[in-house]
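Examination of the molecular architecture
The primary structure of each chain is shown beneath.
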Amino acid sequence: MKNILSIFLFSLLLFISCRKRTEAPSVSSVLTAKEWKISLAREMNAVFTVLYTGYKFNFTADGKLTVNDGITTYDGTWSENGNNRTLTIDILSSNFELDFISQEWKVNNASFTGVNLKDDLSTTTQELRFSLF
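Anyway, here's the lowdown on the structure attached to this text. (Residues numbered from 1 in each chain as written. Predicted model: local features only at pLDDT ≥ 70, side-chain atom pairs only at ≥ 80, totals over all residues. Heavy atoms only, no water.)

**Quick look at the pairing of strand β4 (residues 64-68)**
Rule in force here: The rule is simple: take the accessible area with a 1.4 Å probe, protein chains only, and divide by the maximum for that residue type; under 20% is buried, over 50% is exposed, in between is partly exposed. In this text, helices come from DSSP runs of H or I with a minimum length of four residues, and strands from runs of E with a minimum of two, each type numbered from the N-terminal end. The criterion for strand pairing is that DSSP finds at least two bridges linking the strands in question.
By the alternation rule, side chains of β4 split into L65 and V67, which are all buried, and K64, T66 and N68, of which none is buried. Pairing of strand β3 (residues 56-59) with β4, which is carried by four bridges, proceeds in the antiparallel orientation. Bridge pairing links F59 to L65 in β4. Following β3, the chain reverses through four residues before pairing antiparallel with β4; G63 in that reversal takes a positive phi of roughly 85 degrees. For β4 and strand β5 (residues 73-81), the ladder comprises five bridges, and the chain directions are antiparallel.

This is the structure:
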């Protein structure tokens with residue numbers, strides 16, 4: 001009986017250790033799957049998320065980005081560097097709201113419900129969060 005229990009436990013351990021680990025989705029696959037809004041925009045202690053009310057962000061697989069504020073549509077580009085987990089956004093606009101977003105961001109985490117970004121400085125001062133629209 002002890003021998004059967006030992007074989008069972010060994011088999012269970014082998015089965016568990018051989019399971020494939022689930023990897024986090026790439027930022028590209030997340031961003032191109034849905035339409036997004038800004039749910040957090042922060043610099044230092046200043047939160048200015050309200051400036052993005054009504055903005056819709058659409059990322060396409062070919063690296064293009066459109067932003068619509070309800071009146072005007074802005075064009076831009078984006079790219080992901082999976083090796084160092086960064087996302088570069090460049091939106092053609094002189095608006096403060098869009099200029100703030102246009103930079104290289106470190107990807108803090110990404111899921112199909114949101115993407116959390118931080119500036120790429122050693123001491124983080126800026127945060128940006130995209131959530132489903």
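**Some words on a nonpolar patch on the surface**
What counts, and what does not: Patches were defined on residues exceeding 30% relative accessible area and lacking a salt bridge, with like-charge contacts within 9 Å and nonpolar side-chain contacts (Val, Leu, Ile, Met, Phe, Trp, Tyr) within 5 Å. Shrake-Rupley sampling with a 1.4 Å probe provides the accessible areas, and residues are treated as covered by the protein chains on show and by no other component. Salt-bridge detection follows one rule: a side-chain nitrogen of Lys or Arg within 4 Å of a carboxyl oxygen of Asp or Glu.
A cluster of nonpolar residues, V50, L51 and F96, forms a patch on the protein surface that exposes about 290 Å² of accessible area. Checked against the element boundaries, F96 lands in helix α3 (residues 96-101). By relative accessible area, which is 44% here, F96 ends up partly exposed.

**Brief notes about the packing of aromatic side chains**
Selection criterion: Only centres within 6.5 Å qualify two rings of Phe, Tyr or Trp (six-membered ring in Trp) as a pair; their planes then separate them into stacked at under 30 degrees, edge-to-face at over 60, and tilted for everything else.
Here the structure, examined in full by the defined rule, presents nine aromatic pairs. Note on F48 and F96: the rings are 5.3 Å apart at their centroids and 55 degrees apart in plane angle, and the pair reads as tilted. Placement of the pair is F48 in the loop between β2 (46-47) and β3 and F96 in helix α3, with a sequence separation of 48 residues. The structure contains a cluster of three or more aromatic residues connected by ring pairs, namely Y52, Y55, F57, F59, W78 and F130.

**Some remarks on the environment of D75**
Condition: Should any heavy atoms of two residues lie within 4.5 Å, those residues are considered in contact.
Among the secondary structure elements, D75 is positioned in strand β5. Residue classification places D75 among the partly exposed positions, given a relative accessible area of 47%. Expressed as a C-alpha distance, the spacing of D75 and S93, which sit 18 residues apart in the sequence, is 8.3 Å. Setting aside its immediate chain neighbours within four residues, D75 contacts L65, T66, I91 and L92.

**With respect to the side chain of N116**
Applicable threshold: Any N or O atom pair separated by 3.5 Å or less is treated as a polar contact, with the protein-specific requirement of one donor-capable and one acceptor-capable atom, and with residues adjacent in sequence counted only for side-chain atom pairs.
For N116, the location among the structural elements is in strand β8 (residues 114-119). A polar atom in the side chain of N116 sits 2.8 Å from the side chain of N109. Ignoring sequence-local partners within four residues, the contact set of N116 consists of K106, V107, N108, N109, L128 and R129.

**Quick word on the side chain of T86**
Relative to the elements of secondary structure, T86 occurs in strand β6 (residues 86-91). Engagement of the side chain of T86 in a polar contact is seen with the side chain of N84, the distance being 2.9 Å. Once residues lying within four places of it in the same chain are set aside, the contact partners of T86 are S79, E80, N81, E104, W105, K106 and V107.

Purely geometric numbers; function is a separate question.
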